[in-house]
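Fold and geometry: a report
Single-letter residue listing:
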Amino acid sequence: GAGVSQSPRYKVAKRGQDVALRCDPISGHVSLFWYQQALGQGPEFLTYFQNEAQLDKSGLPSDRFFAERPEGSVSTLKIQRTQQEDSAVYLCASSLAGGGAVRADTQYFGPGTRLTVL
Amino acid sequence: AQSVAQPEDQVNVAEGNPLTVKCTYSVSGNPYLFWYVQYPNRGLQFLLKYITGDNLVKGSYGFEAEFNKSQTSFHLKKPSALVSDSALYFCAVRLINAGNNRKLIWGLGTSLAVNP
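Now for a quick tour of the structure. (Residues numbered from 1 in each chain as written. Chains lettered and ligands numbered in written order. Predicted model: local features only at pLDDT ≥ 70, side-chain atom pairs only at ≥ 80, totals over all residues. Heavy atoms only, no water.)

Some thoughts on the overall build of chain A
Scanning chain A from terminus to terminus reveals zero helices and eleven strands. Reading chain A from its N terminus to its C terminus gives the helix and strand order β-β-β-β-β-β-β-β-β-β-β. Radius of gyration (C-alpha) of chain A: 14 Å, near the 13 Å computed for a compact globule of 118 residues. For chain A, buried positions account for 46% of its 118 residues. Contacts spanning at least 24 positions in sequence make up 54% of the contacts within chain A whose residues lie at least 6 apart. Looking at chain A as shown, the accessible area adds up to about 5,700 Å², and 48% of this sits on carbon and sulfur atoms. Here chain A carries 12 positive and 11 negative side-chain charges, and the mean point of each set is 7 Å from the other. (Helix = DSSP H or I, 4+ residues; strand = E, 2+ residues; numbered from the N terminus. Rg over C-alpha atoms; globule rule 2.2 N^0.38 Å. Buried < 20%, exposed > 50% of the residue type's maximum accessible area, 1.4 Å probe, protein only. Contact = heavy atoms within 4.5 Å. Areas by Shrake-Rupley, 256 points an atom, 1.4 Å probe, with all protein chains shown as cover. Lys, Arg positive; Asp, Glu negative; His and termini not counted. Charge placed at Lys NZ, Arg CZ, Asp CG, Glu CD.)

Written out as structure tokens, the structure reads:
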């Protein structure tokens with residue numbers, strides 16, 4: 001079946017511009033995660049949704065970062081007034097998150113959006 | 001604080017030899033443990049995970065990992081490396097019974113190079 005998809009795959013923004021990154025999770029997956037991966041680093045958690053509810057946004061680095069998932073499927077990560085330090089790959093993952101199933105906790109990742117802020 | 005350590009930035013092995021990629025963790029409770037692989041310009045691919053039960057977990061592409069609670073380790077292994085295994089490998093941990101806190105804590109990654 002189809003995996004997690006993200007668009008655009010690459011985004012170049014001038015400093016100060018707003019950007020919106022889209023994630024289409026695997027159909028039927030309840031949980032959706034956003035991570036930020038800087039060059040040469042492991043992913044860093046940004047935020048987590050269960051259906052449309054944003055249950056954890058502790059990883060968002062500033063109030064310039066905003067994420068939504070209004071209908072419990074597609075999610076958008078928005079970055080306002082981009083800065084050079086926002087340059088990274090933004091990864092989206094989804095998981096089934098059913099009650100108690102062993103497979104439920106596996107997060108499946110999209111290819112990522114590489115954001116470059118000039 | 002929870003953390004994951006991958007002590008080796010790079011591992012080099014010859015094709016056909018066994019490989020080990022090390023991971024240790026530090027958490028306050030019982031963990032779920034994961035290994036993912038990342039190929040250039042591609043997303044993270046799930047390899048295997050430890051939830052409970054047998055300490056030896058078998059996963060995709062012939063990889064396996066052994067959970068060692070006393071040493072707080074979860075090393076990734078493969079009996080015979082392939083050149084196509086060359087990639088970046090990430091270890092990650094999530095707390096069991098963390099309620100709605102489902103985020104993964106990641107290591108910095110280990111670059112595996114398998115030489116023909």
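Some points on the sheet that holds strand E8 (residues 75-79) of chain A
Residue and element names in this part refer to chain A. Read across the sheet, four strands follow the order E1-E3-E8-E7 without closing on themselves; strand pairing throughout is antiparallel. Each edge of the open sheet carries a strand with a single partner, namely strand E1 (5-7) and strand E7 (65-68). Within the sheet, the average angular offset between the axes of one strand and its neighbour, ignoring direction, is 15°. Sheet topology note: the strand E3 (residues 19-24)/E8 ladder contains five bridges and is antiparallel. Bridge pairing in E8 links Cys23 to Ser75. (Pairing = 2+ DSSP bridges. Axes fitted to C-alpha atoms, helices over the stretch in contact; angles between N-to-C directions.)

Here we look at the environment of B:Asn115
Residues and elements named next belong to chain B. The residue Asn115 is located in strand E12 (residues 110-115) in this model. Among the residues examined, Asn115 registers a relative accessible area of 37% and is labelled partly exposed. With 29 residues separating them in the primary sequence, Asn115 and Ser86 have C-alpha atoms 8.6 Å apart.

Quick look at the pattern of salt bridges
Taken as a whole and assessed by the stated rule, the structure comprises five salt bridges over all chains. A salt bridge links A:Asp24 to A:Arg22, with the nearest nitrogen and oxygen atoms 2.7 Å apart. Judged by relative accessible area, which is 23%, A:Asp24 ranks as partly exposed. For the salt bridge of B:Glu64 with B:Lys58, the shortest nitrogen-to-oxygen distance reads 2.8 Å. On the basis of relative accessible area, B:Lys58 is assigned to the exposed category, the value being 61%. (Salt bridge = Lys/Arg side-chain N within 4 Å of Asp/Glu carboxyl O.)

No statement about biological role is implied by the geometric values presented.
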